[in-house]
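# Architecture and fold: a report
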Amino acid sequence: MSVNRSLQVTAVPAFADNYLWLIHNEQHAVVVDPGDAGPINEALASRQLPLDAILLTHHHADHAGGVSELLNRWNVPVYGPAKENIAGVTHPLSENDNVNFAQLGLALHVLDVPGHTAGHIAYVEHNQHWLFCGDTLFAGGCGRLFEGTAAQMTQSLAKLSALANDFKVYCAHEYTLSNLRFAVTVEPNNAALSARFTQVQAARDRGESTVPSTLGEEKQTNPFLRYDQPAIIQTLRDTGRLSHAEPVEAFAALREWKNSFR
Ligand code: ZN
Ligand code: FE
């Protein structure tokens, strides 16, 4: 395994709670989900880096809204989901496609992860153990089902959780605290979850980011990866949210509950 040690990922905060991800070395950069061009151009300028490419996970404006303005300045390819019609995309991608950036030593593998949107894709870096999952998997939660079904989302999350525990989860929003507030309600006796909730509260009190997390943490504490756990099923039954025993019903009931959770 050859790892380019100068390759790194920098969070570029945008809007209220988005993270746009800049992947770069000393000489080159690509961006994942530039919802806003301004902060990306500033991040590039401060590092004196040119932009080599734009990568998109799905069509929502907070992820793709900065593409046209970036293209005014940078003549670069735009990679995005083949199943979504996003203005500016030059390289449509779907399951098992590979995108290589030799100048960065970056190799991205594409997974179809429908659910949040119908054509949502994720990018997996198998040498670095990085996952760029947009609004599919969040630290402590998952994306809302705007266009897909609970069955699709469970399959998408299963693909992501099949990756090794040390994968870093570069999701697109700082939603961790509110996600974990829900998680501890759903699974109050999960010690790893309680510990994480305390850690995340402290980190947010200090104004720190809680992203990326690791996939291992998510498997231990994220209710949307744990919807088949007996303790979660029991909570759903006890609160009258679940009558069927199918795991996908439990997932759907959890997602529905989170939608109205305050
Ligand atoms: Zn979205
Ligand atoms: Fe989003």
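Please read all numbers here as calculations on a predicted model, not as lab measurements.

Bringing the coordination of the zinc ion (ligand 1) into the picture now. Around the zinc ion (ligand 1), the donor atoms from the protein are His 58 (NE2), His 60 (ND1), His 116 (NE2) and Asp 135 (OD), and they sit 2.2 to 2.3 Å away. Around the zinc ion (ligand 1) sit four donor atoms; with metal-centred angles ranging over 87 to 169 degrees, the donor geometry is irregular. Every donor residue of the zinc ion (ligand 1) comes from the same chain, spaced as H-x1-H-x55-H-x18-D. Between the two metals, the zinc ion (ligand 1) and the iron ion (ligand 2), the spacing is 3.3 Å, and Asp 135 donates to both. One end of the pair, His 116, is in the loop between β8 (106–112) and β9 (121–125); the other, Asp 135, is in the loop between β10 (130–134) and β11 (137–138), with 19 residues separating them in the sequence.

Our next topic: unusual backbone geometry. Keep in mind that most residues, glycine aside, have a negative phi and that most peptide bonds are trans. Residue Pro 212 follows Val 211 across a cis peptide bond; omega there is 5 degrees. Inspection of the secondary structure puts Pro 212 in the loop between α6 (191–205) and β14 (213–214). Of note, Phe 15 is a non-glycine position whose phi angle comes to about 50 degrees, a positive value. Here Phe 15 shows up in the loop between β1 (8–14) and β2 (18–24). One non-glycine residue, Asn 96, lies in the positive phi region at around 75 degrees. Looking at the element boundaries, Asn 96 is found in the loop between β6 (91–93) and β7 (98–101). Residue Asn 96 is classed as partly exposed on the basis of its relative accessible area of 48%.

This brings us to the pairing of β8. Within a regular strand, the side chains alternate between the two sheet faces. Of all seven residues that make up β8, six are buried, and the element is covered over most of its length. Two elements, β7 and β8, share four bridges in a ladder whose sense is antiparallel. Note that in β8 the partner of Asn 98 across the bridge is His 109. The loop that links β7 with its antiparallel partner β8 comprises four residues; one of these, Gly 105, has a positive phi angle of about 65 degrees. Pairing analysis gives four bridges linking β8 to β9, with the strands arranged antiparallel. Across the sheet, residue Val 110 finds its bridge partner in β9, namely Tyr 123.

Here the focus is the environment of Thr 90. Topologically, Thr 90 is positioned in the loop between β5 (78–81) and β6. Considering only alpha carbons, one finds Thr 90 and Tyr 79, 11 residues apart in sequence, at a separation of 6.3 Å.

Okay, the sheet that holds β6 next. Paired through backbone hydrogen bonds, the strands of a sheet run either parallel or antiparallel to each other. The strand order β1-β2-β3-β4-β5-β6 describes an open sheet built from six strands, whose pairing is mixed. Looking at which strands have only one partner, the edges of the open sheet turn out to be β1 and β6. Pairs of neighbouring strands in the sheet enclose a mean axial angle of 25 degrees, with direction left out of account. Sheet strands touched by helix α1 (residues 37–47): β1, β2, β3 (29–32) and β4 (51–55). Its angle to β1, the strand with the most contacts, is close to 135 degrees.

The terminal C-alpha atoms of helix α4 (residues 150–161), which comprises 12 residues, lie 16 Å apart, in line with the 16 Å expected from a rise of 1.5 Å per residue. Looking at α4, one finds that the buried residues are Ala 150, Met 153, Thr 154, Ser 156, Leu 157 and Leu 160. Within α4, the buried residues cover an arc of 165 degrees as seen down the axis, which keeps them to one side.

As a further point, take the coordination of the iron ion (ligand 2). Around the iron ion (ligand 2), the protein supplies Asp 62 (OD), His 63 (NE2), Asp 135 (OD) and His 173 (NE2) as donor atoms, at distances of 2.0 to 2.3 Å. If you look at the iron ion (ligand 2), its four donor atoms make angles of 83 to 167 degrees with each other, and the shape they trace is irregular. Read in sequence order, the donor residues coordinating the iron ion (ligand 2) give the pattern D-H-x71-D-x37-H.

With that settled, consider the packing of aromatic side chains. Between two aromatic rings, the relevant description is the distance of the centres plus the angle of the planes. Evaluation of the coordinates by the stated rule reveals 12 aromatic pairs. A ring pair is formed by Phe 182 and Phe 224, whose centres lie 6.0 Å apart and whose planes are at 15 degrees; its orientation type is stacked. Placement of Phe 182 in helix α5 (residues 176–186) and of Phe 224 in the loop between α7 (215–221) and α8 (230–238) is noted, with a sequence separation of 42 residues between them. On the numbers, 5.7 Å between centres and 70 degrees between planes, the contact of Phe 224 with Phe 251 is edge-to-face.

Nonpolar side chains in soluble globular proteins generally cluster together in the buried interior. With 57 residues, the main nonpolar core has Phe 101, Leu 106, Tyr 123, Phe 132 and Leu 254 as its most contacted residues. The element contributing the most residues to this core is helix α9 (residues 247–259), with five residues. If sequence neighbours within four positions are ignored, Phe 101 has contacts with Val 30, Ala 53, Leu 55, Tyr 79, Leu 106 and Leu 108. Counting residues in each nonpolar core, the second largest holds 21 residues, with Ala 29, Val 31, Leu 44 and Ile 54 among its members.

Parameters and conventions
- Once a new chain begins, its residue numbering starts again from 1 and follows that chain's sequence as written.
- For naming, the first written chain is A and the first written ligand is 1, with later ones following in the order written.
- Two thresholds apply to this predicted model, a pLDDT of at least 70 for residue-level local features and 80 or more for giving and counting side-chain atom pairs, whereas whole-chain, interface and lining totals are computed over all residues.
- Hydrogens are left out, water is left out, and the side-chain values use all remaining heavy atoms of the structure.
- Donors, by definition, are the N, O and S atoms found within 2.8 Å of a metal, the threshold being 3.2 Å for Na, K and Ca, and water is not counted, so a site can look incomplete.
- Irregular is the default label, applied whenever a site is not tetrahedral (four donors, all angles between 85 and 135 degrees) and neither square planar nor octahedral (four or six donors, opposite donors over 155 degrees apart, all other angles between 65 and 115).
- For the purposes of this entry, the term helix denotes a DSSP run of H or I that reaches at least four residues, the term strand denotes a run of E that reaches at least two, and both are numbered from the N terminus.
- Exposure categories follow from relative accessible area, calculated using a 1.4 Å probe and restricted to protein chains: below 20% of the type maximum is buried, above 50% is exposed, and the middle band is partly exposed.
- Only when DSSP finds a minimum of two bridges between them are two strands counted as paired.
- Working convention: axes come from line fits to C-alpha atoms, limited for helices to the stretch in contact. Angles between N-to-C directions cover 0 to 180 degrees.
- The contact definition used throughout considers only heavy atoms, calling two residues in contact when any of these lie within 4.5 Å.
- Multiplying 1.5 Å by the helix residue count minus one yields the expected span of that helix.
- Read the arc as the range of directions from the helix axis to the C-beta atoms.
- Any two of the Phe, Tyr and Trp rings considered here, Trp counted by its six-membered ring, make a pair once their centres fall within 6.5 Å; the pair's planes then place it as stacked at under 30 degrees, edge-to-face at over 60, or tilted in between.
- To qualify as a nonpolar core, a set must consist of buried Ala, Val, Leu, Ile, Met, Phe, Trp, Tyr and Cys residues joined through side-chain atoms within 4.5 Å.

None of this, on its own, says anything about what the molecule does.
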